[in-house]
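Residues per chain, in single letters:
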Amino acid sequence: MSIEKRSEDTRRSGSEEIVRIREAVRALCAGFPGTYWRELDRTRAYPTAFVKALTDAGFLAALIPEAYGGSGLNLKAAVAIMEEIQASGCNGAACHAQMYVMGTLLRHGSADQKERWLPGIASGALRLQAFGVTEPGSGSDTLNLRTVAVREGDHYVINGQKIWTSRLEHSDLMLLLARTTAREAVKKHTEGLSVFLLDLREESRRGLTVRPIRTMMNHATTEVFFDDVRVPAENLIGQEGQGFSYILAGMNAERILIAGECIGDAKWFIERATSYAKERVVFGRPIGRNQGIQFPIARAYAQMRAAELMVDEAAERYQEGLPCGAEANMAKLLAADASWAAADTCVQTLGGFAFAEEFDVERKFRETRLYQVAPVSTNLILSYLSEHVLGLPRSY
Ligand SMILES: Cc1cc2nc3c(=O)[nH]c(=O)nc-3n(C[C@H](O)[C@H](O)[C@H](O)COP(=O)(O)OP(=O)(O)OC[C@H]3O[C@@H](n4cnc5c(N)ncnc54)[C@H](O)[C@@H]3O)c2cc1C
């Protein structure tokens, strides 16, 4: 029995529907084998055909309510989709944000805004998968961001810079966090930031400069410069000055979904390591007969299964509307650690062949390393737990 299958069978609450979704995602991913990803990796090209197939199958609209043309699934189903993509050797980072960035619009947008944009996002006619929060000057310290949006009549005028704005070149819309009230002028330090939906196809693109950043792995990310970019005031989401709280609410879903991706990665690495250890014969016997090979794989498996429980718990709390900041953070931390441990073990098990492109291990190794840093770095999660769960003094 494969580890994906065993793990699926032992999931606490995998409904019939989720099992069917997993099978469908796996069947779709089978059409995008390692050769497809390797070629894109070499040229740092966007997986357009893969994203189109996921869109056409409705998977990226999983979290959009049926009333707006989405599938109306819950977060556990969405996690299962992302997990299966990664466990199949594919890379969901090219499009995972299409699933969750719209959450801010869904939760905080007006009825008109939702009617205007959600059906297009659900059908895939509109791609909302660019999310501009991080800036070069502020990094993890989001409240210190400097991009400003100043109201001028029926527009806001945006000036500043974002970095690591991923998938912008493959998006029609972008969710942007910018300062609308100076930090010194707000009562609470979390106020004064606002969220805008920028239509990248319209006039508002004028003044926007986008520069791709070549990264360790194939990840369509960019730096973005705003020079008097004009955004219609009607594109402000929710209340002016409350944007930070809207973004925070969305981050829980993002963390849980990405944790699901890390579980998928861990399963892929464990599967690869296990099958190679059974087949590779050195000193006249399969290397998998040596405990020195078995134990790290077994440990990585146990670590992945424990992380999977936390991802399940976080997703359950999220979809029941319960507070889940701690669980979402722990799920992301544990799952990213599990995928990294499994990646390292896989490399050690394959020995020299792990470094050869054609085995895909080196590609997946580079891809999964990201999740120790983004969308939130491990240290920042540990700081959150120290302060908000353990009651220790704030360290920064
Ligand atoms: C490929 C890629 C894609 C990304 N996509 C997006 C995107 O689409 N949209 C977006 O907005 N952002 C995106 N990001 C940004 C990502 O969220 C940040 O890189 C991440 O949050 C860390 O911020 P930073 O890189 O500025 O690191 P910094 O904040 O500069 O931190 C550097 C290191 O110092 C540590 N550190 C900082 N402060 C403390 C402290 N007080 N205590 C202990 N340790 C600390 C951090 O943990 C980290 O290890 C992306 C990043 C990458 C690399």
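Please read all numbers here as calculations on a predicted model, not as lab measurements. For every chain, the first residue of its written sequence is number 1, and the numbers climb from 1 along that sequence. Local features in this predicted model are restricted to residues of pLDDT 70 or higher, and side-chain atom pairs are both shown and tallied only at a pLDDT of 80 or more, whereas totals for entire chains, interfaces and linings draw on every residue. For side-chain calculations, the full set of non-hydrogen atoms in the structure is used, while hydrogens and water are omitted.

**Describing the layout of surface pockets**
Whether a set of points on the 1 Å grid over the protein atoms alone is a cavity depends on a 1.4 Å probe fitting there but being unable to get out, while an open set qualifies as a pocket with protein on both sides within 12 Å along at least five of seven lines; lining residues are those with an atom within 4 Å of a point. Grid points are joined across faces, edges and corners, and a volume is the space filled by probe spheres set on the points. A volume near 220 Å³ is recorded for the second largest pocket. As for the second largest pocket, its lining consists of 14 residues, and the residues nearest its centre are L63, L106, R107, A253 and Y318. Strands are runs of DSSP state E lasting at least two residues, helices are runs of H or I lasting at least four, and both sets are numbered from the N terminus onward. Examining the composition of the lining of the second largest pocket, we find that four residues originate from one element, helix α7 (residues 102-108), more than from any other. Its residues assigned to classes, the lining of the second largest pocket comprises nine nonpolar, four polar and one charged. We call Asp, Glu, Lys and Arg charged. Ala, Val, Leu, Ile, Met, Phe, Trp, Tyr, Cys and Pro are nonpolar, and the rest, Gly among them, are polar.

**So, the packing of aromatic side chains**
Pairing of aromatic side chains here covers Phe, Tyr and the six-membered ring of Trp, requires ring centres within 6.5 Å, and sorts the geometry by plane angle: under 30 degrees stacked, over 60 edge-to-face, intermediate tilted. With the rule as written, the count across this model stands at eight aromatic pairs. Ring centres of F32 and Y36 lie 5.0 Å apart, and the angle between their planes is 70°; this geometry places the pair in the edge-to-face category. Judged by its relative accessible area of 12%, F32 is buried. With a centroid separation of 5.3 Å and an interplanar angle of 75°, the aromatic rings of F32 and F50 are classed as edge-to-face. Placement of F32 in the loop between α2 (16-29) and α3 (34-43) and of F50 in helix α4 (residues 48-56) is noted, with a sequence separation of 18 residues between them. To sort residues, take the accessible area from a 1.4 Å probe on protein chains only and compare it with the maximum for the residue type: under 20% means buried, over 50% means exposed, and anything in between is partly exposed. Looking at F50, the relative accessible area reads 0%, which means it is buried. Among the aromatic residues, those joined into a ring-pair cluster are F32, Y36, W37 and F50. Each ring is checked for a lysine NZ or an arginine CZ that lies within 6 Å of its centre and within 35 degrees of its normal; such an atom marks a charge sitting over the ring. Stacked on the ring of W268, the Lys or Arg K364 has its end atom at 5.5 Å from the ring centre. Positioned above the aromatic ring of W340, the side-chain terminus of R369 is 5.2 Å from the ring centre.

**Let's talk about a nonpolar patch on the surface**
Together, V389, L390 and L392 make up an exposed nonpolar region whose accessible area comes to about 290 Å². With respect to the helices and strands, V389 occurs in helix α13 (residues 378-389). Using a relative accessible area of 48% as the deciding quantity, one classes V389 as partly exposed. Note on patches: the residues involved have over 30% relative accessible area and no salt bridge, like charges join within 9 Å, and the nonpolar side chains Val, Leu, Ile, Met, Phe, Trp and Tyr join within 5 Å. Note on areas: these come from Shrake-Rupley sampling with a 1.4 Å probe, and a residue is covered only by the protein chains present in the view. Between Lys or Arg on one side and Asp or Glu on the other, a salt bridge is scored when a side-chain nitrogen of the former is within 4 Å of a carboxyl oxygen of the latter.

**Comments concerning helix α11 (residues 325-350)**
Because the α-helix completes a turn every 3.6 residues, residues three or four places apart line up on one side. By this rule, a helix spans an expected 1.5 Å times one less than how many residues it contains. When the terminal C-alpha atoms of α11 are compared, their 37 Å separation across 26 residues agrees well with the 38 Å that a helix rising 1.5 Å per residue should span. Most of α11 is tucked away: 19 of the 26 residues are buried. Trailing α11 by a residue or two, G351 shows a phi angle of about 60°, which is positive.

**As for the environment of I258**
Locating I258 in the fold gives a position in helix α9 (residues 243-279). Overall, I258 belongs to the buried group, its relative accessible area being 2%. For the pair formed by I258 and V311, sequence separation is 53 residues and the distance between their alpha carbons is 9.7 Å. Every residue in contact with I258, bar those within four places of it in the chain, is listed here: H96, Y100, K332, Y371 and P375. Any two residues whose heavy atoms approach within 4.5 Å at even a single point are treated as in contact.

**Examining the pairing of strand β1 (residues 128-132)**
Judged by how many residues are buried, β1 sits mostly within the fold: five of five residues are covered. Sheet analysis places β1 next to strand β4 (residues 173-179), joined by four bridges and oriented parallel. Counterpart to A130 in the pairing with β4 is M174. In this analysis, strands are considered paired if DSSP registers two or more bridges between them.

**Quick word on the confidence of the model for the protein chain**
Looking at the protein chain as a whole, the pLDDT averages 95, with 96% of positions reaching at least 70. Per-residue pLDDT stays below 50 along residues 9-13; that stretch engages in 13 contacts with residues further than four places along the chain or on separate chains. Each residue gets a pLDDT score, which is the predictor's confidence in that residue and runs from 0 to 100.

**Some points on the site of the ligand**
The near set for a molecule or strand comprises every residue that places at least one heavy atom within 4 Å of it. As a matter of local geometry, the ligand sits amid 18 residues, with F131, T134, S140, W164 and S377 nearest to it. We call two N or O atoms a polar contact when they sit within 3.5 Å, provided that within protein one can donate a hydrogen and the other can accept it, with sequence-adjacent residues counted only if both atoms are side-chain atoms. The separation between an oxygen atom of the ligand and a polar side-chain atom of S377 is 2.5 Å. Out of a free accessible area of 960 Å², the ligand has 66% covered by protein chains. Contributing elements (two or more residues each) for the shell around the ligand: β3 (155-166) and α13.

**Describing the environment of G207**
With respect to the secondary-structure elements, G207 resides in the loop between β5 (193-199) and β6 (208-213). Here the alpha-carbon distance between G207 and L105, two residues 102 residues apart in the chain, equals 24 Å. Filtering out sequence-adjacent residues up to four positions away, G207 remains in contact with F225, F226, D227 and V229.

**A look at unusual backbone geometry**
The general pattern is negative phi for most residues beyond glycine and trans for most peptide bonds. Cis geometry is adopted by the peptide bond preceding P375, which originates at A374 and carries an omega value of 0°. Its location among the elements puts P375 in the loop between α12 (361-369) and α13. Positive phi values are uncommon outside glycine, yet W164 reaches one of about 65°. Along the chain, W164 turns up in strand β3. By relative accessible area, which is 45% here, W164 ends up partly exposed. Even without glycine at this site, F283 takes up a positive phi of about 55°. With respect to the helices and strands, F283 occurs in the loop between β9 (281-282) and β10 (285-286). Looking at F283, the relative accessible area reads 83%, which means it is exposed.

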